[in-house]
Structure formats: structure tokens, C-alpha cells
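Residue strings, one per chain:
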Amino acid sequence: RKIICGKPEGNLCRDVPNAGTDGKGTIFVTYAMSILDKSDVFAGSYIMKSIDYGKTFEEPKMLHIPTHTPDGTRFTFRDCVIYHNKKHDKWLSLGCVMEYDKNNDNIRKNGIIIAKPVFTTINPEKCDYEGPVNELPFPYDYISVFVNAQPIEFDNGDVLLSFYYITENCHFFYLFLH
């Protein structure tokens, strides 16, 4: 079997691995590339695909999202949880978008890294995002929101999502049933 996250590669390290399966042999694995000499700075997220229950994987591909704004702000998708929605037979990606300034430093509010909860769809043939990146509706004011665990889908199609979020004063866990 292939080792997905291993030793550092120069000043980069594969970090925050996650996997999702359709139960029929297809597995997607995602990970972020952390920049070792910066705190919580990610160079991007990558995806790998297996169609033989994880015995072999295609070479990693960088996941593509709009990464820059006119003012030089850079975005990266982090904590990318891959999930196969059985009811709609779609691959979804849940995670957070983190923002960095022109100097590649995290944009913060009151010292806390800003991270927005987002989702999109994955094209299993192209092994890349196919839909727009949409911000998840979140019922509370927050500074950062991170997906906390693999989603759980019930027989009726409802999905349970777990989040870890940070406000001005506290850290919370939030369960969301959709």
C-alpha cells in the first residue's frame, strides 16, 4: 500500500489527510501541503484517486479554486473532507477556506485565523472541483470554522456534519443535520 503522508519534502509537509469512499472501490484521499517555516500556512490542497480499494493511487493533483483576489489576498482550501452522498450519487468536498495576505501570512481577527466553512462538488473523472465553492450557512457568528469529522449519511438522506468553531471568546463544537 502507498504511504500518503510521510516525511517532509523540503520546507513542505503533507498534512491534514482525509479519505472518502463510495463503498464500491473508489477512494479519494486529500491532504494539505503545509509550509514548515510558517504557522498554519498551507501551499494548497491535493487529491488522489484509487479505483481498486486503495491498492494503487493516481498521482496527486492540486485542487483548483480561485486563489487570488485583485488586492493580492490568497485563498486555500484546508481540512478538505471528501464525502460520497449516496442519495444524490455525488462526491462532495467540505472544508474551510483560509485567507493569506501578500506576505503569505494568515489574515487574522483578534489574533485568530479567519477560516470560512465551504463546500463544493468533485468531478470523479477529472479528480478536481466541478462546482462553485459555496460558503456553508452557519447559524452563529464565528471567526474560524473547521469540519471536525467525516459526515454521516442516514437512510433517509439526512447528513450529520460536525464542526469545530471559534468565536471572539470561546471554542465550540456544533452538529448540523441537513
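These lines cover the structure that appears in this document, whether it is placed above or below. (Residues numbered from 1 in each chain as written. Predicted model: local features only at pLDDT ≥ 70, side-chain atom pairs only at ≥ 80, totals over all residues. Heavy atoms only, no water.)

Quick word on the pattern of salt bridges
Here comes step 1: All chains considered together, the criterion is met by 1 salt bridge.
Here comes step 2: Notably, a salt bridge pairs Lys 109 with Glu 168, separated by 3.5 Å at the nearest N-O pair. Of this pair, Lys 109 sits in strand S7 (residues 108–109) while Glu 168 sits in the loop between strand S14 (159–166) and strand S15 (171–177), placing them 59 residues apart in sequence. (Salt bridge = Lys/Arg side-chain N within 4 Å of Asp/Glu carboxyl O. Helix = DSSP H or I, 4+ residues; strand = E, 2+ residues; numbered from the N terminus.)

Considerations on unusual backbone geometry
Here comes step 1: In this structure, Tyr 53 takes a positive phi of about 60° despite not being glycine.
Here comes step 2: Inspection of the secondary structure assignment puts Tyr 53 in the loop between strand S3 (42–50) and strand S4 (61–62).
Here comes step 3: Unlike most non-glycine residues, Asn 110 shows phi in positive territory, near 50°.

Overview of the pairing of strand S2 (residues 27–35)
Where a strand is regular, its side chains alternate between the two sheet faces.
Here comes step 1: The buried fraction of S2 is high, at 9 of 9 residues.
Here comes step 2: Relative to S2, strand S1 (residues 12–21) runs antiparallel, the two sharing 8 bridges. Bridging across to S2, Arg 14 finds its partner in Met 33.
Here comes step 3: Between S1 and S2, which follow one another and run antiparallel, lie 5 residues, and Gly 23 among them has a positive phi close to 80°. (Buried < 20%, exposed > 50% of the residue type's maximum accessible area, 1.4 Å probe, protein only. Pairing = 2+ DSSP bridges.)

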